[in-house]
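# Structure assessment
Each chain, letter by letter, is given below.
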Amino acid sequence: MTFRPLLRQLPRKPIYDDLALLDPPKSSPAPKEDSLPSSPTPTDRLAGQIKHARLFIHAHTVRTEDRLNNFMSTVLHQEHSFTQTIASLAPPPETHERVMPGALYVLVAAMTGSIISRNRNILLRATVPFAVGLGAAWIVLPVTTRNVGELVWTYEEKAPVISINHMRVRGAIEEGWRQAKIREEATKKWFDERVGESREAVEGWVRKGR
């Protein structure tokens, strides 16, 4: 009896299984990722430049708009202030003071003063028209002139040198006016006394003649 048929009947085990156990297949190494950052592409660099340009233009546009708005606000404020200032110079209705005819009278008075002082020295040519016009303004437009004087004084207070000189000139003018009134009163009193004495003398002569 031979064993060849029995060997044929036994299941055959592949020889590759043992080899697989002895030497397992090695997995192929995974590709390593590049740890270094990739350099920006030309498209990325162009997008960055466009972004910076947009931010620069936007910032300058906003700044220009703010400056324009501030300028317009300042202009409107100055216009409103100027309008209120001009309106405050007008006399109240209850004073019955009319600016238009009075201003013409003041202008005519100033021109008359200029004609009177045209053959005088330069000091009189410069001061007489102003003094005559100012005097006419105080007579014809007293309320308006006072309002203008108060407005000028508010601006002069910002410059101490001008305000001090103004106060000195004003004090000198007021003192001169006061002295003129005193002399006028003294002259009037003296004239009344002389007239009284002359009248008494004439009345005495008349009585003696009778």
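Attention here is on the structure that accompanies the text. (Residues numbered from 1 in each chain as written. Predicted model: local features only at pLDDT ≥ 70, side-chain atom pairs only at ≥ 80, totals over all residues. Heavy atoms only, no water.)

This next bit is on the overall build of the protein chain. Within the protein chain one finds seven helices and zero strands. If you list the helices and strands of the protein chain from N to C, you get α-α-α-α-α-α-α. Put simply, of all contacts in the protein chain between residues at least 6 apart along the chain, 52% involve residues at least 24 apart. For the protein chain, the computed accessible surface area is about 19,200 Å², with 64% contributed by carbon and sulfur atoms. (Helix = DSSP H or I, 4+ residues; strand = E, 2+ residues; numbered from the N terminus. Contact = heavy atoms within 4.5 Å. Areas by Shrake-Rupley, 256 points an atom, 1.4 Å probe, with all protein chains shown as cover.)

So, on to the side chain of E97. Relative to the elements of secondary structure, E97 occurs in the loop between α3 (42-89) and α4 (99-116). Salt bridges are absent for the buried E97, whose nearest opposite-charge side chain, R146, sits at 7.2 Å. Here the side chain of E97 touches V143 through a polar contact of 3.2 Å, landing on its backbone nitrogen. A polar contact of 2.7 Å, which involves the side chain of E97, links it to the side chain of T144. Those residues in contact with E97 that sit more than four places away from it in its chain are P91, V140, L141, P142, V143 and T144. (Buried < 20%, exposed > 50% of the residue type's maximum accessible area, 1.4 Å probe, protein only. Lys, Arg positive; Asp, Glu negative; His and termini not counted. Salt bridge = Lys/Arg side-chain N within 4 Å of Asp/Glu carboxyl O. Polar contact = N/O pair within 3.5 Å; in protein donor to acceptor, adjacent residues only side chain to side chain.)

So, on to unusual backbone geometry. One non-glycine residue, H96, lies in positive phi territory at about 55 degrees. One can find H96 in the loop between α3 and α4.

With that settled, the discussion passes to the packing of helix α5 (residues 122-140) against helix α6 (residues 142-156). Where α5 meets α6, the axes come as close as 5 Å, and the angle between the chain directions of the two elements is 120 degrees. Taken as axis vectors, α5 and α6 run oblique relative to one another. Between α5, through L134, A137, W138, I139 and V140, and α6, the contact on the second element is made entirely by P142, T145 and R146. Classifying every residue of the contact of α5 with α6 gives six nonpolar, one polar and one charged. (Axes fitted to C-alpha atoms, helices over the stretch in contact; angles between N-to-C directions. Parallel < 35°, antiparallel > 145°, perpendicular 65-115°, else oblique. Nonpolar A, V, L, I, M, F, W, Y, C, P; charged D, E, K, R; others polar.)

The grouping of M100, L104, Y105, I139 and V140 at the surface amounts to a nonpolar patch, some 550 Å² of accessible area in total. Elements with a contribution of two residues or more to the nonpolar patch: α4 and α5. No other element matches α4, which puts three residues into the nonpolar patch. With respect to the helices and strands, the residue V140 is situated in helix α5. (Patch = residues over 30% accessible without salt bridge, like charges linked within 9 Å, V, L, I, M, F, W, Y side chains within 5 Å.)

Geometry only, nothing functional implied.
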